[in-house]
Every structure is written in C-alpha cells, then in structure tokens.
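# Chain and residue survey
Spelled out from the first residue to the last, the chains are:
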Amino acid sequence: MRLGAVTYNVLKDWDVEAIIKNLEETGFEAVELRTGHKHGVEPSLGAAERARVRERFAKSKARLLSYGTTCEFHSPEAAVRAKQVEIGRQFVDLAHDTGAWGVKVRPNGLPKEVPPETTIRNIGAALRELGEYGQGRGVEIWLEVHGRETSAPPVAAAIMKAANHGQVGLCWNSNAGDIVNGSIKESFRLLRPWLKSVHINELASDRYPWRELFTLLRETKYDRYTLCEAQESKEPERFLRWYSALWRELNRPC
C-alpha cells in the first residue's frame with residue numbers, strides 16, 4: 001500500500017513541475033490529476049505535449065497514476081450518457097499516451113424520474129463500454145463511490161455487478177455513509193472485491209475510523225495507492241509533510 005495525492009484541493013494550483021517537486025520532497029509516490037486544475041494535463045494536449053508529460057513523470061519518483069474526471073453516467077438521457085462516455089474515451093487515450101494506470105469517473109445520483117434499477121443498469125452499461133475501450137489501451141476505469149444516493153455501498157456494489165467487466169472497479173471515497181454502528185467493516189467487505197483505488201481525506205478527524213480502514217486494507221493485502229484528497233492548506237508543503245507522517249503512523253501495524 002502506497003501514498004499518493006489527488007490534485008483536489010491541496011495541489012490544485014501547482015503545475016506539473018511543482019507537483020513532482022513537492023511530492024518527491026514530502027514522501028508521496030503518485031498523483032491523480034483532477035481535470036480543470038493548473039497542471040493543464042487534459043485531453044486537449046497534442047502528441048508532443050503528451051510525450052513530454054510521460055517522460056517527465058518517468059524521470060521522477062512520483063508516478064502519474066490516474067486522471068480524475070467529472071464523467072458521470074446517471075442521466076436518463078441516452079445522448080447525455082453517450083457524450084459522457086465519449087469524454088471518458090478521450091481521457092483513456094490521454095492516460096494511455098502519458099502512462100497513467102486509471103481514469104476515475106463517478107455517478108452523481110439516482111434521478112427521481114426513472115426507477116433506481118434503470119439508472120444502475122445505465123451506469124453499468126456505460127462503465128462496461130468504457131472498460132472495453134480501456135482494456136485495449138491498458139487503462140482501468142475507477143468508479144468513485146460518489147453522490148448522495150450512489151455513494152451508498154449497496155448501490156455501488158449493484159453498479160459493479162451491472163458493469164461486470166474486469167477492467168472496471170471502484171475508488172473507495174472514505175464517506176460518512178460507509179460507517180455502520182461505528183464501523184466500516186460491513187461496507188468494506190461488500191466493496192472490497194472491486195477496489196482498485198482509495199481516496200482518503202482528513203486523517204486527523206475522528207469522524208471516520210481511519211485506523212480500521214488501514215487495518216482492513218492491510219489484512220486484505222491491498223497493494224495499490226491511497227490518495228490524499230484533503231482541503232486546501234495555506235501551507236501546502238508543510239501540510240503534505242505532516243500528512244505523510246500521519247499516514248505512516250496509521251499504516252503501522254498495532
């Protein structure tokens with residue numbers, strides 16, 4: 001299990017050089033580049049620019065792990081979903097060209113005008129289509145456990161069953177809704193078969209059972225990345241050093 005960061009929100013105002021420099025200096029090993037941030041690594045980049053990004057990360061100690069998109073597939077409108085899948089394909093191509101492992105997407109709710117089962121099938125079908133596209137390019141699709149209704153672990157599990165594709169998995173999002181009777185064990189066990197990425201946030205908060213999460217990840221031999229997705233800091237470099245130290249402590253077996 002390794003530590004990385006999402007550019008949302010601590011890193012959002014850094015370009016690629018600053019991201020690499022600061023992650024290397026603070027003990028972070030990977031980054032998920034969220035769309036719309038200063039780094040500017042977007043599907044609009046040309047071939048030469050993509051090659052430069054790939055080469056720069058390859059020479060660094062920080063892995064370009066994934067892209068954090070806002071692609072979402074819950075709309076009742078087929079044309080809207082198709083457009084979102086097309087944007088997702090563009091990010092898959094970007095990931096392939098720059099050496100990233102995954103593309104993060106999300107659901108964002110269950111529209112009231114259609115049955116929940118219909119929306120779950122629609123999301124699953126879009127994910128399967130994107131997964132098939134990613135499979136040919138060596139890129140995984142990670143569905144963030146996100147949205148007011150769709151962040152419920154049983155809904156996320158139903159979406160994964162509907163997608164039914166080996167290239168498609170989940171991004172654990174450390175939501176309050178994971179907690180049942182003070183524990184996340186039930187939610188974790190339900191979603192663990194599809195877990196391909198983990199977002200962690202305010203590790204100093206006692207509102208989430210961080211020690212339990214880290215223990216469950218170790219016990220189930222999770223060997224991928226946990227990505228810091230914390231609130232903006234006025235002292236970002238200092239915050240990252242503190243976060244890295246706290247992460248190492250939480251990851252230490254009791």
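Below: a short report on this structure. (Residues numbered from 1 in each chain as written. Predicted model: local features only at pLDDT ≥ 70, side-chain atom pairs only at ≥ 80, totals over all residues. Heavy atoms only, no water.)

The next point concerns the packing of helix H3 (residues 78-98) against helix H4 (residues 116-135). Viewed as axis vectors pointing N to C, H3 and H4 meet at an angle of 30°, and their least axial separation amounts to 10 Å. Comparing their axes, H4 and H3 come out roughly parallel. Considering the relative orientation of H3 and H4, their crossing is right-handed. In this structure, H3 uses Arg81, Val85, Gly88, Arg89, Val92 and Asp93 to contact H4, whose residues at the interface are Asn122, Ala126, Glu129, Leu130, Tyr133 and Gly134. Across the contact of H3 with H4, the residue classes break down as five nonpolar, three polar and four charged. (Axes fitted to C-alpha atoms, helices over the stretch in contact; angles between N-to-C directions. Helix = DSSP H or I, 4+ residues; strand = E, 2+ residues; numbered from the N terminus. Parallel < 35°, antiparallel > 145°, perpendicular 65-115°, else oblique. Left-handed = near helix turned anticlockwise from the far one by under 90°. Contact = heavy atoms within 4.5 Å. Nonpolar A, V, L, I, M, F, W, Y, C, P; charged D, E, K, R; others polar.)

Right, let's get into the packing of aromatic side chains. Enumeration according to the criterion identifies nine aromatic pairs in this entry. With centroids separated by 6.3 Å and ring planes inclined at 50°, the aromatic side chains of Tyr67 and Phe91 adopt a geometry described as tilted. A residue pair is termed long-range when its members are at least 10 positions apart, and Tyr67 in strand S3 (residues 63-72) and Phe91 in helix H3 qualify at 24 residues. In this pair, the class of Tyr67 matches that of Phe91, namely buried. Measuring from ring centre to ring centre gives 5.5 Å for Phe239 and Trp242, while their planes differ by 40°; the resulting arrangement is tilted. Separated by three residues within a single helix, Phe239 and Trp242 lie in helix H8 (residues 236-250), roughly one turn from each other. (Phe/Tyr/Trp six-rings, centres within 6.5 Å; stacked < 30°, edge-to-face > 60°. Buried < 20%, exposed > 50% of the residue type's maximum accessible area, 1.4 Å probe, protein only.)

What follows deals with the sheet that holds strand S4 (residues 102-106). Strand order around the closed barrel formed by eight strands is S1-S2-S3-S4-S5-S6-S7-S8, with parallel pairing between neighbours. The sheet shows a mean angle of 30° between the axes of neighbouring strands, direction not considered. Packing of H4 onto the sheet brings it into contact with S4, strand S5 (140-144) and strand S6 (168-172), and relative to S5 it is tilted by some 150°. (Pairing = 2+ DSSP bridges.)

Further remarks concern the environment of Val105. Along the chain, Val105 falls in strand S4. Judged by relative accessible area, Val105 falls into the buried class, the value being 0%. Sequence separation between Val105 and Gly134 is 29 residues; the distance between their C-alpha atoms is 13 Å. Those residues within four positions of Val105 in sequence are excluded, and the remaining contacts are Thr69, Cys71, Phe73, Leu127, Leu130, Ile141, Trp142, Leu143 and Glu144.

Looking now at the layout of surface pockets. If you add up the space inside the largest pocket, you get close to 290 Å³. The wall of the largest pocket is formed by 17 residues, among which Tyr8, Glu144, His146, Asn173 and Glu229 lie closest to the centre. Of the residues that constitute the lining of the largest pocket, the class distribution is two nonpolar, nine polar and six charged. (1 Å grid on protein atoms, 1.4 Å probe; cavity = no way out; pocket = protein on both sides within 12 Å on 5 of 7 lines; lining within 4 Å. Points joined across faces, edges and corners; volume = space filled by probe spheres on them.)

This next bit is on unusual backbone geometry. For the bond running from Tyr8 to Asn9, omega is 0°, close enough to zero to count as cis. In the Ramachandran plot, Ser174 falls in the positive-phi region, its phi being about 55° despite a non-glycine side chain. Residue placement: Ser174 occurs in the loop between S6 and helix H6 (185-191). Phi is positive for Lys221, which is not a glycine, with a value near 60°. Tracing the backbone through its elements, the reader meets Lys221 in the loop between helix H7 (210-219) and strand S8 (225-228).

The next subject is the side chain of Thr7. Along the chain, Thr7 falls in the loop between strand S1 (2-6) and helix H1 (16-26). When near neighbours in sequence (up to four residues on either side) are disregarded, Thr7 contacts Lys12, Ile19, Val31, Glu32, Leu33, Arg34, His37 and His39.

Right, let's get into the packing of helix H2 (residues 47-58) against H3. Relative to each other, H2 and H3 sit at 55°, their axes nearing to 8 Å. The angle between the axes of H2 and H3 places the two elements in the oblique class. Mapping the contact onto sequence places Arg50, Val53 and Arg54 in H2 and Asp93, Leu94, His96, Asp97 and Thr98 in H3. In the contact of H2 with H3, the residues fall into two nonpolar, two polar and four charged.

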